[in-house]
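# Tertiary structure, described
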Amino acid sequence: MKPTLLILAAGIGSRYGGIKQLDQFGPNGETIIDYSLFDAIRGGFGKVVFIVREEIKDDVEAIFAPKLQGKIEYDFAIQGIQSYVPEDLGTVERTKPWGTGHAMLCAWEQTSTPFAVINADDFYGREAFATMAEFLQSDTDDSQHAMIGYELKRTLSENGTVSRGVCVVDENGNLSSVVERTKISQDMDKIYYEEDEMLTELAPETIVSMNFWGFKPSIFPITRKLFESYARANFTTPKAEFYIPYIVTNMIYNDQSKCRVFTSQSDWFGVTYPEDKPTVQAALAELHTSGKYPASLW
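Residues numbered from 1 in each chain as written. Predicted model: local features only at pLDDT ≥ 70, side-chain atom pairs only at ≥ 80, totals over all residues. Heavy atoms only, no water.

## What about the overall build of the protein chain?
A count of helices and strands for the protein chain gives seven helices and 13 strands. Scaling as 2.2 N^0.38, a compact globule of 298 residues should have a C-alpha radius of gyration of about 19 Å, and the protein chain matches this with 18 Å. The principal-axis extent of the C-alpha atoms belonging to the protein chain is close to 55 × 50 × 40 Å. In the protein chain, which comprises 298 residues, the proportion classed as buried is 51%. Within the protein chain, residue pairs in contact and separated by at least 24 positions form 75% of the contacts whose partners lie at least 6 positions apart. Accessible area of the protein chain: about 13900 Å², with a carbon and sulfur share of 47%. Measuring between centres, the 27 positive side-chain charges of the protein chain sit 2 Å from its 42 negative side-chain charges. (Helix = DSSP H or I, 4+ residues; strand = E, 2+ residues; numbered from the N terminus. Rg over C-alpha atoms; globule rule 2.2 N^0.38 Å. Buried < 20%, exposed > 50% of the residue type's maximum accessible area, 1.4 Å probe, protein only. Contact = heavy atoms within 4.5 Å. Areas by Shrake-Rupley, 256 points an atom, 1.4 Å probe, with all protein chains shown as cover. Lys, Arg positive; Asp, Glu negative; His and termini not counted. Charge placed at Lys NZ, Arg CZ, Asp CG, Glu CD.)

Written out as structure tokens, the structure is:
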């Protein structure tokens, strides 16, 4: 059974200043999602689910449905503010979605196979999709999940600080922990993160999570239970976000599962700031010129 790809496309993009998941970066006006879809299809995925906000669903469908028709099954899941919030809590007073873990939970009904989760605005490379598809098709242990990790030095922005999930991997290649570090930047040949006005150096080869995960469907009931508890604890905190690493860390800590880490040697790139766009455009143009992607994806 071919795995499913969930694309997290409900974000607002406050730092970017627009809906970056629908912005055009390729030489023919391709979005970054176009490259993920192309790589997923040739990597062995059998279905894609776009996780979106209600107000952008029609735009997403208009852009991608014609391209995917006859190539791969596709569906949509809506990440609503009230989705999976316990009914007794009433109406939530917040304007932004609950985060990546909540987004994944919102695609439960559309997902019946092992699945991967990616960001809509990140370019991961063909290798990552092929590796994850092979794992999801071949590994039959419901408690074994996976992550594609990247070397920190390959994930930085020249235009500002970034946040990354810094990973610790054990001797068996499984994730021991992932800690979100904010305000990561490079100064000359050294990389630092800032916390409480203190700078701490990180090795350039440090493995970080770029939100490319592979899960078995057994994660959904665990996620729902965790989210309901999280929603109760953060009901009056409008900016609180329920992240996927929180779910994974909880399962590892409670010996419910393991998460294998596959390290990609590809250059990751994405758009955090508007100033990142020319760099991404140039990188994609070079991939076409070198023959790694055809002149036209579709």
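## Structural notes on the pattern of salt bridges
Enumeration according to the criterion identifies 15 salt bridges in this entry. Across the pair R181 and E195 runs a salt bridge whose closest N-O atoms are separated by 3.3 Å. With a gap of 14 residues between them, R181 in strand β8 (residues 175-187) and E195 in strand β9 (residues 190-195) connect regions that are remote in the sequence. Exposure remark for E195: the relative accessible area of 42% places this residue in the partly exposed category. Linking E228 and R224 is a salt bridge whose minimum nitrogen-to-oxygen distance equals 3.2 Å. Taken together, the positions of E228 and R224, both in helix α5 (residues 219-233) and four residues apart, correspond to about one turn of that helix. Given a relative accessible area of 25%, E228 falls into the partly exposed group. When its relative accessible area of 36% is taken as the criterion, R224 is described as partly exposed. Residues joined in a network through salt bridges with shared partners are E151, K153, R154 and E205. (Salt bridge = Lys/Arg side-chain N within 4 Å of Asp/Glu carboxyl O.)

## Describing the pairing of strand β3 (residues 73-78)
In summary, the side chains of a regular strand alternate between the two faces of the sheet. Relative to β3, strand β2 (residues 47-52) runs parallel, the two sharing six bridges. By the bridge assignment, K47 is partnered in β3 with E73. Read from β2 through helix α2 (residues 57-68) to β3, the crossover connection turns out right-handed. (Pairing = 2+ DSSP bridges. Right-handed = clockwise from strand over helix to strand, strands pointing away.)

## Considerations on the side chain of Q144
Summarising the element assignment, Q144 is placed in strand β6 (residues 144-151). A relative accessible area of 13% means that Q144 is categorised as buried.

## Brief notes about helix α4 (residues 126-138)
Taking 1.5 Å of rise per residue, 13 residues should cover 18 Å, and α4 covers 19 Å from first to last C-alpha, within 8% of that figure. Residues of α4 that are buried include every one of A128, F129, M132, A133, F135 and L136, and no others. Within α4, the buried residues cover an arc of 165° as seen down the axis, which keeps them to one side. The inward-facing, buried residues of α4 abut β1 (4-8), α1 (32-43), β4 (115-119), β6, β11 (207-215) and β12 (258-264). (Expected span 1.5 Å × (residues − 1). Arc of directions from axis to C-beta.)

## What about the environment of D170?
Among the secondary structure elements, D170 is positioned in the loop between β7 (162-169) and β8. With a relative accessible area of 25%, D170 lands in the partly exposed category. Along the primary structure D170 and V261 are separated by 91 residues, whereas in three dimensions their C-alpha atoms are 9.5 Å apart. Within the structure, the side chain of D170 is placed 2.8 Å from the backbone nitrogen of N172, a separation counted as a polar contact. (Polar contact = N/O pair within 3.5 Å; in protein donor to acceptor, adjacent residues only side chain to side chain.)

## Brief notes about the pairing of β8
Pairing of β7 with β8, which is carried by seven bridges, proceeds in the antiparallel orientation. Its bridge partner lying in β8, V166 is registered against V179. Hairpin geometry of β7 and β8 is characterised by an intervening segment of five residues between the two adjacent antiparallel strands and by a positive phi of about 85° at G173. Pairing analysis gives four bridges linking β8 to β9, with the strands arranged antiparallel. Across the sheet, D187 pairs through a bridge with K190, a residue of β9. Joining the antiparallel neighbours β8 and β9 is a turn of two residues, in which M188 adopts a positive phi near 60°.

## What to know about unusual backbone geometry
Positive phi outside glycine occurs at K183, with the angle close to 55°. Of note, K183 is situated in strand β8. In this structure, D255 takes a positive phi of about 55° despite not being glycine.

## Some remarks on the packing of aromatic side chains
Throughout the structure, instances matching the rule amount to 26 aromatic pairs. Ring geometry for F50 against F64: centres 5.4 Å apart, planes inclined by 20°, an arrangement best described as stacked. Remark: F64 occurs in helix α2 and F50 occurs in strand β2; sequence separation between them is 14 residues. Members of the aromatic cluster, each reached through a chain of ring pairs, are Y35, F38, F123, F269, Y293 and W298. The residue whose ring lies beneath R94 is W98, and the NZ or CZ to ring-centre distance is 4.1 Å. The ring of F25 carries K277 above its face, with NZ or CZ at 5.6 Å from the centroid. (Phe/Tyr/Trp six-rings, centres within 6.5 Å; stacked < 30°, edge-to-face > 60°. Lys NZ or Arg CZ within 6 Å of the ring centre and 35° of its normal.)

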